[in-house]
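For reference, the chains in residue letters:
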Amino acid sequence: MIEIRNINKSFGTLHVLKDINLRIEDREIVTIFGPSGAGKTTLLQIIGTLSNADSGSLRYGGEEVTTLTDKALSQFRNSHIGFVFQFHQLLPEFTAVENVILPALIGGMSRSEAHRKGEELLSNLGLAGRFSHRPAELSGGEKQRVAIARALINNPDVILADEPTGSLDSVNREEIKQLFQRLRNEYDQTIVIVTHDDSLAEIADRVVKMQDGKIIEIVNKKS
């Protein structure tokens, strides 16, 4: 579903990504591991069209996205990609449901339909009693579930998660791990996770190991 070919990225004289090639299949969970400085987050940002590669190709369903205009790329990103970050990135002045529906409103969905869908997603993620709570009134695990609901609101092709369990305790890490499994099984989601959390490898179909800007190993865990 996503095809990455010969991706290179440098920051000044630092060559961060070196000829990266990777295919991500529909409904697959892929985890990307590696030490700090391996290029994991930079690769995720390029896959998510948040950053441009210096060279190479990025295709979604056969469509080359590196040639899109900034406006078209922004629309593509909002419609096709959901993001989950380590520190949630929720707007503190907005309620849980208001945070969830922002991408839908940007995409042109009516406020009433967005609210209905946002509340449905929050309920499915165990937050039925938290619609009107602001981030400061939520636990770390609850904030991350709000962020996951926000990522799902526009029915994206893929969810990209950057250290989604990095700021959570062991109990919440386990809950979020199981939740990602549910997203693939119940929502037919494709999920790419950058992480240092070894336990996330348990739910992955493939584990991509990076070092010094290169993919050094891909472990296929499919039965």
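In this report, we go over the structure that sits alongside the text. (Residues numbered from 1 in each chain as written. Predicted model: local features only at pLDDT ≥ 70, side-chain atom pairs only at ≥ 80, totals over all residues. Heavy atoms only, no water.)

Within the structure shown, the criterion is met by two aromatic pairs. Ring geometry for Y60 versus F76: centroids 5.1 Å apart, planes at 75°, classification edge-to-face. Of this pair, Y60 sits in strand β4 (residues 55–60) while F76 sits in helix α2 (residues 70–80); the two residues are 16 residues apart in sequence, bridging distant segments of the chain. F76 carries the same exposure label as Y60, and that label is buried. (Phe/Tyr/Trp six-rings, centres within 6.5 Å; stacked < 30°, edge-to-face > 60°. Helix = DSSP H or I, 4+ residues; strand = E, 2+ residues; numbered from the N terminus. Buried < 20%, exposed > 50% of the residue type's maximum accessible area, 1.4 Å probe, protein only.)

Attention shifts here to the sheet that holds strand β9 (residues 206–211). Reading across the sheet, the six strands line up as β6-β7-β8-β3-β9-β10 and stay open at both edges, with mixed pairing between neighbours. Bordering the open sheet on either side are β6 (81–84) and β10 (214–220), each of which pairs with just one other strand. Across the sheet, the mean angle separating the axes of adjacent strands is 20° when strand polarity is ignored. In the sheet, strand β3 (residues 29–33) pairs with β9 via four bridges, with the strands oriented parallel. In the strand pairing of β9, V30 is matched with R206. Contacting β6 and β7 (158–162), helix α5 (residues 140–152) runs over the sheet at an angle of about 170° to β6. Relative to strand β8 (residues 190–194), helix α6 (residues 170–187) is tilted by about 155°, and along the sheet it contacts β3, β7 and β8. (Pairing = 2+ DSSP bridges. Axes fitted to C-alpha atoms, helices over the stretch in contact; angles between N-to-C directions. Contact = heavy atoms within 4.5 Å.)

Further remarks concern the pattern of salt bridges. Taken as a whole, this structure holds 14 salt bridges when the rule is applied. Its salt-bridge partner being E25, residue R23 comes within 3.6 Å of it at the nearest N-O pair. Relative accessible area serves as the criterion here: at 46%, R23 is assigned to the partly exposed category. Between E64 and R59 there is a salt bridge, with the nearest N and O atoms lying 3.7 Å from each other. We classify E64 as buried; its relative accessible area is 17%. The class for R59 is partly exposed, based on a relative accessible area of 30%. Three or more residues joined by partner-sharing salt bridges are found here, namely E3, R5, R23 and E25. (Salt bridge = Lys/Arg side-chain N within 4 Å of Asp/Glu carboxyl O.)

When the terminal C-alpha atoms of helix α4 (residues 111–124) are compared, their 20 Å separation across 14 residues agrees well with the 20 Å that a helix rising 1.5 Å per residue should span. Where α4 is concerned, the buried positions are A114, K117, G118, L121 and L122. Considered in projection along α4, the buried side chains sweep an arc of 135° and stay on one side of the axis. The inward-facing, buried residues of α4 abut α3 (96–106), α5 and α6. (Expected span 1.5 Å × (residues − 1). Arc of directions from axis to C-beta.)

Fair warning: the whole summary comes from geometry, so function is off the table for now.
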